[in-house]
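One-letter residues, chain by chain:
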Amino acid sequence: MNKMSRTSRILVAAVLLLVGSRALAEEMKLGYVDMQRALNETEDGRKAKANLKKVFDQKQKELDEQQDELKKAVEDLDKKRTLLPADKVREKEAELQTRMQKFQQTYLRHQQDLQAKEQEAMSKIVERMNKILGKIALSENFTMILDKGQGGIVFAKPHLDLTNDLIRRYNSGEGAEGAAPAAAAKKPPK
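1. Quick look at the nonpolar core
Part 1 of the reasoning: By size, the foremost hydrophobic cluster in this structure holds 18 residues, and its most contacted members are Met35, Met122, Ile125, Met129, Leu133, Ile136 and Leu166.
Part 2 of the reasoning: Secondary structure elements with two or more residues in this core: helix 2 (35-41), helix 3 (43-80), helix 4 (86-139) and helix 5 (163-171).
Part 3 of the reasoning: With seven residues, the single largest contributor to this core is helix 4.
Part 4 of the reasoning: In contact with Met35, other than residues within four places in its own chain, are Val126, Met129, Asn130, Leu133, Asp147 and Leu166.

2. Observations concerning helix 3
Part 1 of the reasoning: Helix length check: helix 3, at 38 residues, gives a terminal C-alpha distance of 55 Å against a target of 56 Å (1.5 Å per residue), a fit within 8%.
Part 2 of the reasoning: Within the sequence span of helix 3, burial applies to Gly45, Ala48, Leu52, Lys59, Leu63, Leu70, Ala73 and Leu77.

3. A few points about the environment of Phe56
Part 1 of the reasoning: Its place among the elements puts Phe56 in helix 3.
Part 2 of the reasoning: Residue classification places Phe56 among the partly exposed positions, given a relative accessible area of 40%.
Part 3 of the reasoning: Spatially, the C-alpha atom of Phe56 lies 8.9 Å from that of Gln111, the residues being 55 residues apart in sequence.

4. A short note on the pattern of salt bridges
Part 1 of the reasoning: As enumerated under the stated definition, the model contains twelve salt bridges in all.
Part 2 of the reasoning: Glu93 is the partner of Arg81 in a salt bridge, and the nearest nitrogen-oxygen pair spans 2.6 Å. You can see Arg81 sitting in the loop between helix 3 and helix 4 and its partner Glu93 sitting in helix 4, a full twelve residues away along the chain.
Part 3 of the reasoning: Of the residues examined, Arg81 reaches a relative accessible area of 32% and is grouped as partly exposed.
Part 4 of the reasoning: Given the relative accessible area of 36%, Glu93 is considered partly exposed.

5. Focus on the environment of Leu77
Part 1 of the reasoning: Mapped onto the fold, Leu77 is located in helix 3.
Part 2 of the reasoning: For the pair Leu77 and Val89, spaced twelve residues apart in sequence, the C-alpha separation works out to 7.6 Å.
Part 3 of the reasoning: Apart from residues lying up to four places away in sequence, Leu77 is in contact with Leu84, Lys92, Glu93 and Leu96.

6. Things to note about the packing of aromatic side chains
Part 1 of the reasoning: Following the criterion strictly, the structure yields zero aromatic pairs and no others.
Part 2 of the reasoning: Positioned above the aromatic ring of Phe142 is the side chain of Lys29, whose terminal nitrogen or guanidinium carbon lies 4.6 Å from the ring centre.
Part 3 of the reasoning: Against the face of Tyr170 rests Arg128, its NZ or CZ located 3.7 Å from the ring centre.

7. Structural notes on the environment of Gln150
Part 1 of the reasoning: The topology assignment puts Gln150 in the loop between strand 2 (144-147) and helix 5.
Part 2 of the reasoning: Between the C-alpha atoms of Gln150 and Met35, which are 115 residues apart in sequence, the distance is 9.2 Å.

8. Side note on helix 4
Each α-helix winds once per 3.6 residues, and so residues spaced three or four apart point in a common direction.
Part 1 of the reasoning: Between its first and last C-alpha atoms helix 4 spans 78 Å; for 54 residues at 1.5 Å apiece the expected length is 80 Å, and the two agree.
Part 2 of the reasoning: Helix geometry: helix 4 is bent most strongly at Ser123, by close to 25 degrees.
Part 3 of the reasoning: In the stretch just after helix 4, Asn141 is the one whose phi turns positive, near 60 degrees.

9. As for unusual backbone geometry
Part 1 of the reasoning: In this structure, Asn141 is a non-glycine residue whose phi angle is positive, near 60 degrees.
Part 2 of the reasoning: You can see Asn141 is positioned in the loop between helix 4 and strand 2.
Part 3 of the reasoning: On the basis of relative accessibility, which here comes to 57%, the residue Asn141 falls in the exposed class.

10. Comments concerning a negative patch on the surface
Part 1 of the reasoning: Negative charge collects at one region of the surface, where Glu62, Asp64, Glu65, Asp68 and Glu69 lie side by side.
Part 2 of the reasoning: We classify Glu65 as partly exposed; its relative accessible area is 42%.

Basis of the calculations
- Think of each chain on its own: its residues are numbered from 1, step by step along the sequence as written.
- In keeping with the predicted nature of the model, local features appear solely for residues at pLDDT of at least 70, side-chain atom pairs appear and are counted solely at 80 or more, and the whole-chain, interface and lining totals rest on all residues.
- Excluding hydrogens and water, the side-chain figures rest on all heavy atoms present in the structure.
- We define a nonpolar core as any set of buried Ala, Val, Leu, Ile, Met, Phe, Trp, Tyr and Cys residues linked to one another through side-chain atoms lying within 4.5 Å.
- Working definition: with a 1.4 Å probe on protein chains only, accessible area under 20% of the residue-type maximum means buried, over 50% means exposed, and in between means partly exposed.
- Here a strand is any run of E in DSSP of at least two residues, a helix any run of H or I of at least four, and the numbering for each starts at the N terminus.
- Contact definition: two residues touch when any of their heavy atoms are within 4.5 Å.
- Helices are assigned an expected span. That span is 1.5 Å times one less than the residue count.
- The working definition used for a salt bridge is a side-chain nitrogen of Lys or Arg within 4 Å of a carboxyl oxygen of Asp or Glu.
- To pair, rings of Phe, Tyr and Trp, with the six-membered ring standing in for Trp, must have centres within 6.5 Å; the planes then decide the type, stacked if under 30 degrees apart, edge-to-face if over 60, and tilted in the middle.
- Working rule: Lys NZ or Arg CZ, within 6 Å of ring centre, within 35 degrees of ring normal, means a charge sits over the ring.
- Two axes enter the definition of the bend at a residue: one is fitted to the seven residues ending there, the other to the seven starting there, and the bend is the angle between them.
- Excluding any residue in a salt bridge, patches collect residues exceeding 30% relative accessible area, merging like charges within 9 Å and nonpolar Val, Leu, Ile, Met, Phe, Trp and Tyr side chains within 5 Å.
- Exposure was quantified through the Shrake-Rupley algorithm and a 1.4 Å probe, taking into account, for residues, occlusion by the shown protein chains and nothing else.
- As used throughout, the charge tally considers Lys and Arg to be positive and Asp and Glu to be negative, leaving His and the chain termini uncounted.
- Think of each charge as sitting on NZ of Lys, CZ of Arg, CG of Asp or CD of Glu.

The structure is reproduced here in structure tokens:
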């Protein structure tokens, strides 16, 4: 059992225990959403992933080229090793070691850059999704909406899954900045 799963289960159990006495007075309504699936299936999520893939592919190509150059340099040194004086071999090995360290630094920098770009792109989408989920929770009187991907849900009835509704509402423009609420958009101009 991973740490997130255990933490999620403990949190849900604690909330259920705290709300248990109130649950007798009012009905408790739970729902869940698969945020990862929603990210993959919304138009903005697909666009963001496609853009991230382009950036990843570009950076991967650069890394592949550097790795190929390093391989060729190592192979070249191995071929010439017996023909070169020992001090030249050590010099070439030190040069290769420096190039390898630069390659590793570039790899780590690219990895951090990609993670930052993904975080930036996805955080705006997730923020908007959370607004939509808040509206769903209020309008449909949900006590709690859980994220299936956080590992706390082992089983839930399909009718409690709000993912399709979230995706539909997101793709229709709900929660977007500058977007008029649906009710205001339907009113005829005066």
